[in-house]
Amino acid sequence: MSRHDKTYDRIIALAYFHRYGLSLFLLLMVLIAGKINGEIGAKIFAFAWTGGFISYDVWTLVGYRRRWRHIFCSFQNAHRERMTPYNTAWGRIKKSEIYGTVCGSVILGLLFLFCLIAFL
C-alpha cells in the first residue's frame, strides 16, 4: 500500500485524535468554564470531564474489541513506535495495558461524576 493513501491518512489522523483529542477537548472545556463564572461554569466543567473520560473509555474498549486499526496505531504512538495501520499485530499490545487504561479512565470519570453530584 502507498504511504500516502487516503485511508492510511485517515487512520493516522484518527489515531492522533484518539491519543490527543481528549486532552484538547478537556482543555477547551476548562477555557469555556473559566469564561462562565459560578455554578453553571462548574457544571459545564464537571459534565465535560465526566463525559470526556467515559466516551474515551467506550471508544477505546469498543475499538480494541472490534480491532479498529486507529486504536492500534494510537497505542503504537504511546510507545513511541512508527504507526503501521496496514500491519496491525494486536498481540504486541498487552491486554492489561488496554484494560488498565480504560479502568483508570473510568475511575477518573466516575470520580468527577460523584464530585458533581456531591458538590453541585
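In what follows, the structure referred to is the one given above.
Residues numbered from 1 in each chain as written. Predicted model: local features only at pLDDT ≥ 70, side-chain atom pairs only at ≥ 80, totals over all residues. Heavy atoms only, no water.

## Here's the deal with the overall build of the chain
Item 1. Helix and strand counts for the chain come out as 4 helices and 0 strands.
Item 2. Starting at the N terminus and ending at the C terminus, the chain contains elements arranged as α-α-α-α.
Item 3. In terms of overall dimensions, the chain has C-alpha extents of about 55 × 30 × 20 Å along its principal axes.
Item 4. Looking at the chain residue by residue over its 120 residues, the buried ones come to 33%.
Item 5. By sequence separation, contacts in the chain at least 24 residues apart represent 61% of the contacts at least 6 residues apart.
Item 6. For the chain, the exposed surface amounts to about 7,700 Å²; the carbon and sulfur share of it is 66%.
Item 7. If the 15 positive side-chain charges of the chain are averaged to one point and the 6 negative ones to another, these points end up 4 Å apart. (Helix = DSSP H or I, 4+ residues; strand = E, 2+ residues; numbered from the N terminus. Buried < 20%, exposed > 50% of the residue type's maximum accessible area, 1.4 Å probe, protein only. Contact = heavy atoms within 4.5 Å. Areas by Shrake-Rupley, 256 points an atom, 1.4 Å probe, with all protein chains shown as cover. Lys, Arg positive; Asp, Glu negative; His and termini not counted. Charge placed at Lys NZ, Arg CZ, Asp CG, Glu CD.)

## Quick notes on the side chain of aspartate 57
Item 1. Counting through the fold element by element, aspartate 57 comes out in helix H2 (residues 39-65).
Item 2. Within the local environment of aspartate 57, its side chain forms a polar contact with the backbone nitrogen of valine 106, the two atoms lying 3.0 Å apart.
Item 3. Beyond its immediate sequence surroundings of up to four residues, aspartate 57 is in contact with Thr101, Val102, Ser105 and Val106. (Polar contact = N/O pair within 3.5 Å; in protein donor to acceptor, adjacent residues only side chain to side chain.)

## Topic: the packing of aromatic side chains
Item 1. Within this structure, the stated rule accounts for 6 aromatic pairs.
Item 2. Plain terms: the ring middles of tyrosine 64 and tyrosine 99 are 5.9 Å apart, the flat faces sit at 85° to each other, and that makes the pair edge-to-face. Taken together, the residues span a long stretch of sequence, with tyrosine 64 in helix H2 and tyrosine 99 in helix H4 (residues 95-119) at a distance of 35 residues.
Item 3. Clustering of aromatic rings is evident, with ring pairs tying together Tyr64, Phe72, Trp90 and Tyr99. (Phe/Tyr/Trp six-rings, centres within 6.5 Å; stacked < 30°, edge-to-face > 60°.)

## Here we look at a nonpolar patch on the surface
Item 1. There is a patch of nonpolar side chains on the surface, built from Ile54, Val58, Val62, Trp68, Leu110, Phe114 and Ile117 and spanning about 620 Å² of accessible area.
Item 2. Looking at the nonpolar patch, the elements that each hand over two or more residues are H2 and H4.
Item 3. Among the residues examined, leucine 110 registers a relative accessible area of 34% and is labelled partly exposed. (Patch = residues over 30% accessible without salt bridge, like charges linked within 9 Å, V, L, I, M, F, W, Y side chains within 5 Å. Salt bridge = Lys/Arg side-chain N within 4 Å of Asp/Glu carboxyl O.)

## Some thoughts on the nonpolar core
Note on soluble globular proteins: their nonpolar side chains tend to be buried together.
Item 1. Judged by nonpolar contacts, Tyr64, Ile71, Phe72, Phe75, Trp90, Ile93 and Ile98 together constitute the single largest core of 7 residues.
Item 2. Apart from the residues lying within four places of it in its own chain, the contact partners of phenylalanine 72 are Thr84, Asn87, Thr88, Ala89, Trp90 and Ile93.
Item 3. Counting 6 residues, the second largest nonpolar core, distinct from the first, contains Tyr8, Ile11, Ile12 and Cys73. (Core = buried A, V, L, I, M, F, W, Y, C linked by side-chain atoms within 4.5 Å.)

## Regarding the packing of H2 against H4
Geometrically, a packed helix pair is captured by the angle between its two axes and the distance between the axes.
Item 1. Where H2 contacts H4, the two axes come as close as 8 Å, and the packing angle between them is 160°. Taken as axis vectors, H2 and H4 run roughly antiparallel relative to one another. The chirality of how H2 crosses H4 is left-handed. (Axes fitted to C-alpha atoms, helices over the stretch in contact; angles between N-to-C directions. Parallel < 35°, antiparallel > 145°, perpendicular 65-115°, else oblique. Left-handed = near helix turned anticlockwise from the far one by under 90°.)

## Regarding the environment of cysteine 73
Item 1. Tracing the backbone through its elements, the reader meets cysteine 73 in helix H3 (residues 69-78).
Item 2. Of the residues examined, cysteine 73 reaches a relative accessible area of 0% and is grouped as buried.
Item 3. For the pair cysteine 73 and leucine 14, spaced 59 residues apart in the sequence, the C-alpha separation amounts to 8.9 Å.
Item 4. Beyond its immediate stretch of four places on either side in the chain, cysteine 73 contacts Ile11, Ala15, Met83, Thr84 and Pro85.

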